[in-house]
Amino acid sequence: MKENNPLSPMKARITEIHKMTDIEKLITLRFQDPKDEENFSYMPGQFVKLGVMGVGEAPISICTAKSDEPGLELCIRNAGRVTNAVHRQNVGDTIWVRGPYGNGFPMEEVEGKDLLLVAGGLGIAPIRGVLQYALQHRERFGEISFLYGVRCYDLMLYKDEILDYFRNGEEIGVKLYLSYEDKEDEVCYGLECEQDDRCTQGMVTKLFSLLDQRKKNSVALIGGPPIMYKFTVMELEKMGFKPEEVYMTLERRMRCGVGQCGHCIVGTGKSIKYVCKDGPVFTLWDAMNTKGMI
Amino acid sequence: MTEQLYKILSKENIEQFSYSLRSSGKIYAPVKTSKESHSFKHVESLKEADLGYTRTMIPPKKFFISPSETIFTFNKENEEYYEIQATDEPLVLFGVHPCDLNALNLLAKVYLESFTDKYYNERRENTTIIGISCTPDEHCFCKSTGTDYAKDGFELFLHDIGDRYLVRVGSLKGYKLLEGNSSLFTDVTEEDIELYKIAENERLGSFTKNLEMSGLQEMLDLNYDSPVWEEYGEKCLSCGSCNLVCPRCRCYDVQDHMDLNLNTGERVRKWYSCMLQEHGLVAGGHNFRATSKERLRNRINCKGSLKEDMPNCVGCGRCTTYCPAEIDYVEIIQKLRGEIQ
């Protein structure tokens, strides 16, 4: 972030673009100022404001864990004015970044515990960062169960990685469970036939029936569309998760990222919060205390 | 030494004093702009001002966060942007009421707290603020919100005690103003203190509107699903006037404006309103506050929330005075509290 003005972005160049689905691209970028590159540190669950001059900025979840690899990887769904402009950019084009913003998942706090990761649709972006972090520091975490819900195979993100975890994850202590909504989806049906104790047709919440009994020392970390939270929380409560053991990252309109512009406000007079600054990661306890959060 | 922090300024000398203030900057004071409207405008002489005003429609926040301001210009071909240097000329705000002073103090917290906003910072440092006491009208409830008295956030504060002002010093800058004009000010006498007591008792006795603040936050929380929101949501036009006139509202939008050459342009920060439909809209079409009921509830809850023990509402009465649908802010809360049906 620039010193003078929180709204001043850093210059970056697009170095790679991978088409993941018809509407999602994975974009890798490098900061142009070596100082920016050096200083840019983050935790999974934090987000950046990604901008195209003349169009505007959009909040985008960081989908990796910080590593020695230079650059930043962002998964962009073509969903609005700005992300549409991002999708029209080519390798070598300039793009502008501010951040990182928000609190991120408290990875150090949950060390020593089993992790239950739940992701729906594009919500996999921040959760993938959590998984990468846990794998970078594998010895600090217990078993990792990862529930991922997609609409259909064509819309599955990070397909190669997901299928690799699905088939070989146990070698690194990751159990990946997959749900798909489209009943006609032949590829997903094929995966279900391959491992029917790991894959099922239905919403992501259906995967809970496939899980082993919960061990006490575990936490849940969730990312998904707004509708997913309520139902996922119900399943987690059934499993015995306590309000302070559930972390979720929320989506809101976030214009400034620094708690000034007011768009991401949530809660009542008793519990007003700014999702961009106080979140975007909140515990279920926060949500219980903040009406309208989920 | 302490008596030097209180002085008396005769109303006869105020004109003279304002001339000397010109060296601190361009003077802006409340000017009557229509039968029922006042506005902070540039004045050459305080004779143009109406210091007995009740409220301006647009609060003095406009001097610190501009309704629309360019953050930077950009050139796509050069792949660069150019930050705008704040070159605001020094100015004097003459005649700011306690509610607005308190609102500015809270705004400063937002803009200077974790991420210092250089525009806000420079403007505040460039500004000399002279506060003035006032008499409440039927919409004022600043006594309820505890903002009818300004502890700080000004250089000098003028208490009207008849034919003279009791002047309170609020900053070192203010103290220096007194020093530089010592011939215009006299020491406070016993009589002045008596006059001050009378004026204060009169002012405090003339409030007609009361908002019960005790436990307001809990009351708002418990009333999240109250039918009152529906009732007022139906009346609300979602026009956002309440936000524009509120001295504490500071939501903003950031927009890019492209020039016709499709190469250069600017990024602009503009006042925005939580009552407008797009306020909670995200890409993909989901709106977290799609109905006027939800937006009204959000606004009242935001106003009722506390920032370091200070309410987000300073009781200036502007939102009620200027609401085209005649929605009364205090009345909503009285209904939520069950004080009225």
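Here the structure is a predicted model, which means the values were calculated and not measured. (Residues numbered from 1 in each chain as written. Chains lettered and ligands numbered in written order. Predicted model: local features only at pLDDT ≥ 70, side-chain atom pairs only at ≥ 80, totals over all residues.)

**Observations concerning the overall build of chain B**
For clarity, the cut-off: A run of DSSP states H or I qualifies as a helix once it reaches four residues; a run of E qualifies as a strand once it reaches two. Both are numbered from the N-terminal end. Throughout, the radius of gyration refers to the C-alpha atoms, and the reference size of a globule is 2.2 Å times the residue count to the power 0.38. Put simply, a residue is buried when 20 or more other C-beta atoms lie within 10 Å of its own C-beta and exposed when 12 or fewer do; between those, it is partly exposed, and each C-beta is set from the backbone. Contact definition: two residues whose C-beta atoms, as placed from backbone geometry, lie within 7 Å.
Check the secondary structure of chain B and you find 11 helices and 14 strands. The globule rule puts the C-alpha radius of gyration for 341 residues at 20 Å, and the 22 Å found for chain B is close to it. Dimensions of chain B, computed from C-alpha atoms along their principal axes, come out at roughly 65 × 60 × 40 Å. When the 341 residues of chain B are sorted by exposure, 40% land in the buried category. Relative to all contacts within chain B whose residues are 6 or more apart in sequence, the contacts with residues 24 or more apart total 72%.

**Here we look at the environment of Leu176 of chain A**
Residues and elements named next belong to chain A. As for its placement among the helices and strands, Leu176 is situated in strand β9 (residues 174-180). According to the C-beta neighbour criterion, Leu176 is buried, with 24 such atoms within 10 Å. Separated by 142 residues in the primary sequence, Leu176 and Pro34 place their C-alpha atoms 38 Å from one another. The contacts of Leu176, once residues within four sequence positions are left out, are Phe146, Tyr148, Ile162, Tyr165, Phe166, Gly169 and Arg198.

**A word on the confidence of the model for chain B**
Residues and elements named next belong to chain B. Our working rule: pLDDT measures how confident the predictor is about each residue, on a scale from 0 to 100.
On average, residues of chain B score 92 in pLDDT, and 99% of them are at 70 or above. Within chain B, the element-level pLDDT minimum falls on strand β13 (residues 306-307), averaging 80, and the maximum on strand β8 (residues 156-160), averaging 97. Model confidence for the complex is summarised by a pTM of 0.92, with the ipTM given as 0.89.

**Focus on unusual backbone geometry**
Residue Pro100 of chain A is reached from Gly99 of chain A by a cis peptide bond, and omega for that bond is 0°. The residue Tyr158 of chain A is not glycine, and still its phi comes out positive at about 50°. Within the secondary structure layout, Tyr158 of chain A lies in the loop between β8 (144-150) and α4 (159-168). Given 20 C-beta atoms within a 10 Å radius, Tyr158 of chain A is considered buried. One non-glycine residue, Leu262 of chain B, adopts positive backbone phi at about 60°.

**Digging into the sheet that holds strand β10 (residues 199-201) of chain A**
Residue and element names in this part refer to chain A. Formally: When DSSP locates at least two bridges between a pair of strands, those strands are taken to pair. Throughout, an axis means a line fitted to C-alpha atoms (over the contacting stretch in the case of helices), and angles, computed between N-to-C directions, take values from 0 to 180 degrees.
The 7 strands lie next to each other as β10-β9-β8-β7-β11-β12-β15, forming an open sheet whose pairing is mixed. This sheet does not close on itself; its edge strands, each paired only once, are β10 and β15 (281-283). With strand direction ignored, the average angle separating the axes of adjacent strands in the sheet is 15°. Pairing of β8 with β9, which is carried by 7 bridges, proceeds in the parallel orientation. By the bridge assignment for β9, Phe146 is matched with Leu176. The strands touched by helix α3 (residues 124-136) within the sheet are β7 (114-120), β8, β11 (218-223) and β12 (246-249), with β7 carrying the most contacts at an inclination of about 155°.

**Looking at the nonpolar core**
Stated precisely, the cut-off is as follows: Buried Ala, Val, Leu, Ile, Met, Phe, Trp, Tyr and Cys residues whose C-beta atoms connect them within 7 Å together make up a nonpolar core.
Formed by 164 residues in total, the largest nonpolar core has its most connected members in Leu117, Phe146 and Leu221 of chain A. If we skip the residues at most four places from it in the chain, Leu117 of chain A touches Ile127, Val130, Leu131, Ile144, Phe146, Leu147 and Leu221 of chain A.

**Describing the sheet that holds strand β6 (residues 91-96) of chain B**
Residues and elements named next belong to chain B. The strand order β3-β2-β6-β7-β8-β9-β1-β10 describes an open sheet built from 8 strands, whose pairing is mixed. Since the sheet does not close on itself, it has two edges, and those belong to β3 (37-42) and β10 (185-186), each with one partner. Bridge analysis of β6 against strand β7 (residues 127-132) gives 5 bridges, and the strand direction is parallel. Note on β7: the bridge partner recorded for Leu91 is Thr127.

**Structural notes on the domain arrangement of chain A**
Residue and element names in this part refer to chain A. Going by this rule: By convention here, the domain bounds are inherited from an automatic or database domain assignment. As a working rule, the residues Ala, Val, Leu, Ile, Met, Phe, Trp, Tyr, Cys and Pro are called nonpolar, Asp, Glu, Lys and Arg charged, and the rest polar, with Gly in that last group.
What the domain assignment lists for chain A is domain 1 (10-101) and domain 2 (114-249). Centre-to-centre separation of domain 1 and domain 2, based on C-alpha positions: 25 Å. Contacts between the two partners involve 13 residues from domain 1 and, on the opposite side, 13 residues from domain 2. In terms of residue class, the side of domain 1 that touches domain 2 is made up of 6 nonpolar, 5 polar and 2 charged.

**With respect to α4 of chain A**
Residues and elements named next belong to chain A. Formally: Arc definition: directions from the helix axis to the C-beta atoms.
What α4 keeps buried is the set Ile162, Tyr165 and Phe166. Buried residues in α4, looked at end-on, bunch into an arc of 100°, giving them a common side. Along α4, the residues that are exposed and aim more than 90 degrees away from the buried face are Asp160 and Asn168. On its buried face, α4 is in contact with β8, β9 and α5 (186-194).

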